[in-house]
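# Reading the structure
Below, each chain spelled out in residue letters.
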Amino acid sequence: MQKRMVIAIVLSFIIVFVYQYYHAKNIATKRQEDAQKSEAVTTAQDRPAPRPVPEAVAVPKAAPVPKTQGVARDIRVETPLYAAVFTTRGGSLKSIKLKNYRKELSADSDSIELVRVQEGQLHPLAVRFSDSSVLIPPDLAYDASAVSLQVNDQTGERKLIFSAAIPKAAKVEKVFTFFPDQYTMNLEVRVHNLAGYPIEQNAVLSWSEFMDPNAKADKEQEEGLIALVKNSVEQFEAGKIEAKRVVGPDVSWGGFESKYFLAALIPKKPALTSFQMEKDANGRISASLEGPKNLIPVAQTGLFSYALYLGPKDYEFLKAQGVGLENAINFGSWIKWLAMPLLLFMKFLYKYVHNYGAAIIILTVLTKIVFWPLGTKSYKSMKEMQVLQPKIKELQERYKNNKQALNQAVMELYKSHKINPLGGCLPILIQIPVFFGLYRALLYSIELRHAPFLWWIQDLSARDPYYITPVIMGATMFIQQKMSPPMGTDPMQQKIMLLMPVIFTALFLNFPSGLVIYWLFNNILSIGQQYYINKAHAT
């Protein structure tokens, strides 16, 4: 019975991981379809009505403003965390490289670049004004307040101001504020009314990415659009975005994500903000925040305020924003409650051992200590059942033609000797949530990306490059199997059990090496515990 339970557990592993690989991506698609079905309702019921203009004042619609002629100029902004390049074309972001994160493991690899657009396409953080009195283009040529900026602990926060004037219409300013110790920057868009009448402006802030329509999608990067709408995370796979879509309002943040990095636009008035998604024929995908509309009286200034998070999916950085950005880490809704504490505990251990591989081993030892009483009970139960094997064999001979009577007799035998036939399965069942929680933590935590352990293992979030640890883990499973008493006499069942180490080894070949290390050391400790119980029972 116990071996059937183990087979069921193995099959569960296979089903779960096949599901994750082939089906988890479809969650985003389902969310898109659900949102599409309710889009009409959302638009009609949830989106706030435009602010009415007083009857005494007419707000005429102006013709589109032509682009200001001029040569675009680059402005470089350096902080301890990133190097950014802005352009006067649209007052937008041309490049931002994260200094502490490399594309590849090699020391000479380039830093991670968050901006990816083609020549001639709009850059991220461009602002357009749609459905407005003055239709200001997103690629308007601005003047900049500085040629370059250095931001560090000595300078403190610094500002970069882009400004452009449109005669007899409006003056636009984009004010960026940078901080030396944050991946967050603030953006305030100011529209000064130069017209002789009130104007109504509707700002749309965009983050743009180029996705080559001819390139094969890299599923491991998990790139796409993401937003927190009405306290619920909505994800949209990049390759499945076609026509323009709008969700909201009540958008806490939205933007573009990959597996380990996030570009999030955070509105100051989420209740009146909607999230737009759009893909054009040239492969440019845009994630935009729209609203709220702002009625600007004559000679007054309208403000549109945002925070921008452009950096790693580091839990502490994300949590510090106070808007639920930590939900962008894909720990999985059903196991997040366990994955998050495991990550935080590993980070706590890392402060003392300075090696995440060592932290995983310590976590394994502590987990084993917690489960030690259950493990002891399990191994004792297995040993007691081994003693009963001759009697079970006698019952099988006696009731070989009556399976129901055999099962009843076996259960009575277990009951008379106070043995729980499922007692050996309990520790395994309890450890499975820990396994999956650690799996999600290792798979999606930026802290473990490129984190070394020792010798050939230099990235705990990637598979063992030489498959050494999975093979050793399979060997430890084989040793455990040999140490365990045989629970059945069926030759086919015994052959299946002999295949279990091979099946698990195959499953673990492409798992993160950190996860394999956890399971390997857990097996080693289990072998030691089982040896101790067997020896004590023999005496």
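Residues numbered from 1 in each chain as written. Predicted model: local features only at pLDDT ≥ 70, side-chain atom pairs only at ≥ 80, totals over all residues. Heavy atoms only, no water.

### A closer look at the pairing of strand β16 (residues 261-267)
Buried residues dominate β16, accounting for seven of its seven residues. Where burial is concerned, the two faces of β16 agree: the one with F261, A263, L265 and P267 and the one with L262, A264 and I266 are both buried. Note that strand β15 (residues 251-257) and β16 share four bridges and pair antiparallel. Within β16, the residue paired with G255 across the bridge is A264. Linking β15 back to β16 in an antiparallel pair, the connection comprises three residues. Strand direction decides the pairing type here: β16 and strand β19 (residues 301-312), joined by seven bridges, are antiparallel. If you follow I266 over to β19, its bridge partner there is A307. (Buried < 20%, exposed > 50% of the residue type's maximum accessible area, 1.4 Å probe, protein only. Helix = DSSP H or I, 4+ residues; strand = E, 2+ residues; numbered from the N terminus. Pairing = 2+ DSSP bridges.)

### Considering the pattern of salt bridges
Inspection of every chain in the model, using the stated rule, returns 15 salt bridges. Put simply, R116 and E209 hold a salt bridge, and the shortest N to O gap is 3.4 Å. Pair noted here: R116 is in the loop between β4 (111-113) and β5 (126-129) and E209 is in strand β11 (residues 199-210), with a separation of 93 residues, a long-range link. Overall, R116 belongs to the partly exposed group, its relative accessible area being 33%. Given the relative accessible area of 4%, E209 is considered buried. E188 is the salt-bridge partner of R190, the closest N and O atoms lying 2.7 Å from each other. Overall, R190 belongs to the partly exposed group, its relative accessible area being 26%. (Salt bridge = Lys/Arg side-chain N within 4 Å of Asp/Glu carboxyl O.)

### Observations concerning helix α8 (residues 403-416)
Since one α-helical turn is 3.6 residues long, residues separated by three or four positions face the same way. Between the first and last C-alpha of α8 there are 20 Å, a value that for 14 residues agrees with the 20 Å anticipated at 1.5 Å per step. Of all the residues in α8, the buried ones are L406, A409, V410, L413 and Y414. With its buried residues spanning 140° around the axis, α8 presents them on a single face. Residues Q404, Q408, K415 and S416 are exposed on α8 and point more than 90 degrees away from its buried face. (Expected span 1.5 Å × (residues − 1). Arc of directions from axis to C-beta.)

### Side note on the confidence of the model for the chain
Confidence in the prediction for the chain averages 81 pLDDT; 79% of positions are at 70 or higher. Looking at the elements of the chain, mean pLDDT is at its lowest for helix α3 (residues 39-46), recorded as 38, and at its highest for strand β2 (residues 82-87), recorded as 97. pLDDT under 50 marks residues 1-12. Its contacts with residues more than four places away, or in other chains, come to 24 contacts. Considering only residues more than four positions removed or in separate chains, one finds that residues 15-59, a stretch of pLDDT under 50, has 61 contacts. (pLDDT = per-residue confidence, 0-100. Contact = heavy atoms within 4.5 Å.)

### Let's talk about the sheet that holds strand β7 (residues 148-150)
What the five strands build is an open sheet, ordered β4-β3-β2-β1-β7; its pairing is mixed. Each edge of the open sheet is held by one strand with a lone partner, namely β4 and β7. In this sheet, neighbouring strand axes are inclined to one another by 15° on average, regardless of whether the strands run parallel or antiparallel. Where strand β1 (residues 74-78) and β2 come together, five bridges link them in antiparallel fashion. (Axes fitted to C-alpha atoms, helices over the stretch in contact; angles between N-to-C directions.)

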